[in-house]
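Overview (structure and organization)
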Amino acid sequence: MPKQNTEIADIFDRYAALLEMQDANVFRVRAYRDAARTLRGLSKSVAAMLDEGADLTELSHIGDELQKKIQTILETGHLPQLDKLGKSIPPELADLEALPGLGPKRVMALYQALKIDSLQDLLDAAQAGRIRELSGFGEKTEKKLLEEAQRRAQFLKRFELAAAEQMAAPLLDYLRDVKGMKKVIIAGSYRRRRATVGDLDILVTATKGAPVMDRFVRYEDIGEVVSQGGTRSTVRLQSGLQVDLRVVPEVSYGAALHYFTGSKAHNIATRTIAVKKGLKLNEYGLYKSNERVAGRTEQDVYAALGLAYIEPELREDRGEIEAAQRGRLPGLIELKDIRGDLHAHTKATDGQNTIEEMAEAASKRGYSYLAISDHTQHVTIAQGLDAKGFAAHIEAIESANEKAEGIRLLKAAEVDILEDGSLDLPDSILKQLDLTVCAVHYQFDLTSAQQTERIIRAMDNPYFNILAHPTGRLMGKREPYPVDMERLMKAALERGCFLEINAQPARLDLSDEHARMAKDMGLKLAIATDAHSADTLGYMRFGVDQARRGWVEPADVLNTRSWSDLKALLKRS
DNA sequence: GCCGTTTTCGGCCCGACTGTTTTCAGTCG
């Protein structure tokens, strides 16, 4: 069974982590991580590419050596060098390294001196006061490590974007009250709209830094002040979310925003371009020797580097630099392009509002259509409707549609895909619907081959339109079920089916990388909220964010179209 | 280990903060 790109990327990342602990050349370590990122961003499996005789060294960050290693992994399922290194260094050390304050050097020092290779070992050693005795460590470091080790079990490592927004809003309001404050903005992965964020990076411009810092560390929701300096401070909120605050002068705003937005890989790539032009880029500006040539706005910085402006969502070093050099950046979709929602629930099953209330809320959002897509019988936990129930429900939607003003209600269903790949409603009902949103709700534990077969069989049904939440992931709770996404997308293309970007903050499924894969394959997507209440129709923007991260343009999305155009697209010949 | 209108060898982004140092390594973003 050929390995997926992500599995090969995982192997490279693991190998990089172990190499790093061995004090290997840092650029060699980086080379493996760069290659891993390239692999994760590909829309085609390297196994298939090699079968077709492609030369992988044409991909960025992959040279002769790594192409050979990829071939070895595909042939044997292993990277011999990793297996060998894993014998002298326990692979578990890579997990310890994820702890704040622990990097490769210290992890290795702890392992060599005290045989620490697990969180429990670390806790024991810290409590016994053995860490402070090591050279390079001290009392404070030991205390911090103990706290971090204890905290790890207590808090989630990353927060959903929507949750981070809720914590950020009051903090920003609080900071705006400082005298001399000019701009306040959240940069980092939050600004790049990643599905989850590990911390908040707040950038502030002000005439003086000290008053900002003083107020920042006195915010009432703070659990702990991690560090405090004149231009940079870090705190942890009571929720466990870490917040960094950075103060820069107004003339550096653009350069600082660029630097603080990242990603790290994007920053390295842009700084490398600067170096090649004989310039230096840091958070204070773009410099030619000691003269600042750009920095007030991000646009200035990009322009001075010979690049078109790159939207934050694209800044992952996944090809956006080259696209910007050639003027081939995508025209990303925006929330205002969305003309309707294609997945919503009502009181008929597990929603909180009536059809009429949902229609009114959608109309207020300026939509011209809303699909009412309640659950089918097999999803008992959501009080799914059987064929008889659905017949009555369809009449209710039709009746509501006649009364609704300014919005069209689409007769739809979230049809459960049964284990044998059949659909959970008879064709006699399915054919009465305007569209179907089909999804897996049970049996997540099939093999990738079985799950893929199951879904493709479902797509064979001529009434199958959109595959909803295609991997079933729930952030922090449930891993995506294994499925061959490339095959699934190919099957959808061949049959005139589509995939959904589910906009629920805990789902965001398809992921950004899979959205990019669909875009590259020419497969159109629905962006839909799966709203269970009138309010949560507002989740649409999170779905749009992930689509943007996947380079998706308005034409790539079903529900940027009028109903008549959409209807024509949904029709399967 | 990758990469090339400076180079097939010699580079590889840049700065802030902390703690343990006595001039700086480690970590982080």
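No experiment lies behind these values; they were computed from the predicted model shown. (Residues numbered from 1 in each chain as written. Chains lettered and ligands numbered in written order. Predicted model: local features only at pLDDT ≥ 70, side-chain atom pairs only at ≥ 80, totals over all residues. Heavy atoms only, no water.)

1. As for the overall build of chain A
For chain A, the count of helices and strands is 24 helices and 17 strands. A compact globule built from 573 residues would reach a C-alpha radius of gyration of about 25 Å, and chain A, at 26 Å, matches this within 12%. Its C-alpha atoms give chain A principal-axis dimensions of roughly 75 × 60 × 55 Å. The long-range share in chain A, meaning contacts at least 24 apart out of those at least 6 apart in sequence, stands at 67%. Surface exposure of chain A reaches about 25400 Å², of which carbon and sulfur atoms provide 48%. Charged side chains of chain A number 79 positive and 85 negative; the gap between the two group centres comes to 6 Å. (Helix = DSSP H or I, 4+ residues; strand = E, 2+ residues; numbered from the N terminus. Rg over C-alpha atoms; globule rule 2.2 N^0.38 Å. Contact = heavy atoms within 4.5 Å. Areas by Shrake-Rupley, 256 points an atom, 1.4 Å probe, with all protein chains shown as cover. Lys, Arg positive; Asp, Glu negative; His and termini not counted. Charge placed at Lys NZ, Arg CZ, Asp CG, Glu CD.)

2. What to know about helix 21 (residues 485-495)
Taken together, the buried positions of helix 21 are occupied by Met485, Glu486, Leu488, Met489, Ala491 and Ala492. Close packing links the buried residues of helix 21 with helix 20 (448-460), strand 15 (466-467), strand 16 (498-502) and helix 22 (512-521). Just past helix 21, the residue Gly496 takes up positive phi, approximately 75 degrees. (Buried < 20%, exposed > 50% of the residue type's maximum accessible area, 1.4 Å probe, protein only.)

3. Here we look at the domain arrangement of chain A
As far as domains go, chain A holds domain 1 (5-155), domain 2 (159-247), domain 3 (253-326) and domain 4 (335-570). Taken over C-alpha atoms, the centre of domain 1 sits 30 Å from the centre of domain 2. Domain 1 puts four residues into the contact, and the matching count from domain 2 is five residues. Of the roughly 350 Å² buried at the junction of domain 1 and domain 2 (both faces included), carbon and sulfur atoms supply 47%. (Domains from an automatic or database assignment. Buried area = accessible area lost by both parts, 1.4 Å probe.)

4. Examining the environment of Ala274
Among the structural elements, Ala274 can be located in helix 14 (residues 264-276). It is 27 Å that separates the C-alpha atoms of Ala274 and Ala206, two residues lying 68 residues apart in sequence. If we ignore the near neighbours within four places in the chain, the residues touching Ala274 are Leu279, Leu281, Leu286 and Leu305.

5. Section: the protein's contact with DNA strand B
In the vicinity of DNA strand B lie 51 residues, with His61, Gly63, Gly101, Gly138 and Arg271 positioned nearest. A breakdown of the atoms of DNA strand B within 4 Å of the protein gives sugar and phosphate a share of 73%. Leu66 places a main-chain nitrogen or oxygen 3.1 Å from a phosphate oxygen of DNA strand B. The separation between a phosphate oxygen of DNA strand B and a polar main-chain atom of Gly230 is 3.4 Å. For the surface near DNA strand B, a count of residues per class yields 16 nonpolar, 17 polar and 18 charged. (Near = heavy atom within 4 Å. Polar contact = N/O pair within 3.5 Å; in protein donor to acceptor, adjacent residues only side chain to side chain. Nonpolar A, V, L, I, M, F, W, Y, C, P; charged D, E, K, R; others polar.)

6. Overview of the side chain of Glu298
Position of Glu298 relative to the elements: it lies in helix 15 (residues 298-304). Its relative accessible area of 4% is what places Glu298 among the buried residues. Among the polar contacts listed, one links the side chain of Glu298 to the backbone nitrogen of His258, at a separation of 3.4 Å. At 2.8 Å, the side chain of Glu298 and the side chain of Arg315 are in polar contact. If sequence neighbours within four positions are ignored, Glu298 has contacts with Arg191, Gly254, Leu257, His258, Thr261, Tyr309 and Arg315.

7. Points about the side chain of Thr452
Along the chain, Thr452 turns up in helix 20. In contact with Thr452, not counting residues within four places along its chain, are Val483, Asp484, Arg487 and Leu488.

8. Considerations on the packing of aromatic side chains
What the rule picks out here adds up to eight aromatic pairs. Relative to Tyr32, the ring of Phe12 lies with its centre 5.6 Å away and its plane at 75 degrees, an arrangement referred to as edge-to-face. Here Phe12 is found in helix 1 (residues 5-21), whereas its partner Tyr32 is found in helix 2 (residues 26-41), with 20 residues between them in sequence. The pair Phe12 / Tyr32 is uniform in exposure class, with both members buried. (Phe/Tyr/Trp six-rings, centres within 6.5 Å; stacked < 30°, edge-to-face > 60°.)

9. Digging into unusual backbone geometry
Looking along the chain, the bond that leaves Gly262 and enters Ser263 is cis, with omega of -5 degrees. Along the chain, the position of Ser263 falls in the loop between helix 13 (253-261) and helix 14. Residue Asp509 is joined to Leu510 through a cis peptide bond whose omega torsion reads 10 degrees. Counting through the fold element by element, Leu510 comes out in the loop between strand 16 and helix 22. The phi dihedral of Asp23 falls on the positive side, at around 70 degrees, and the residue is not glycine. Tracing the backbone shows Asp23 in the loop between helix 1 and helix 2. The phi torsion at Leu508 lies on the positive side, around 40 degrees, for a residue other than glycine.

10. As for the sheet that holds strand 15
The parallel open sheet is built from seven strands, whose spatial order is 11-12-13-14-15-16-17. At either end of the open sheet lies a strand with only one pairing partner, and these are strand 11 (340-341) and strand 17 (525-528). Bridging between strand 13 (residues 408-416) and strand 14 (residues 435-439) involves five bridges; their strand directions are parallel. Each bridged residue has a counterpart across the sheet, and for Val415 the counterpart in strand 14 is Cys438. (Pairing = 2+ DSSP bridges.)

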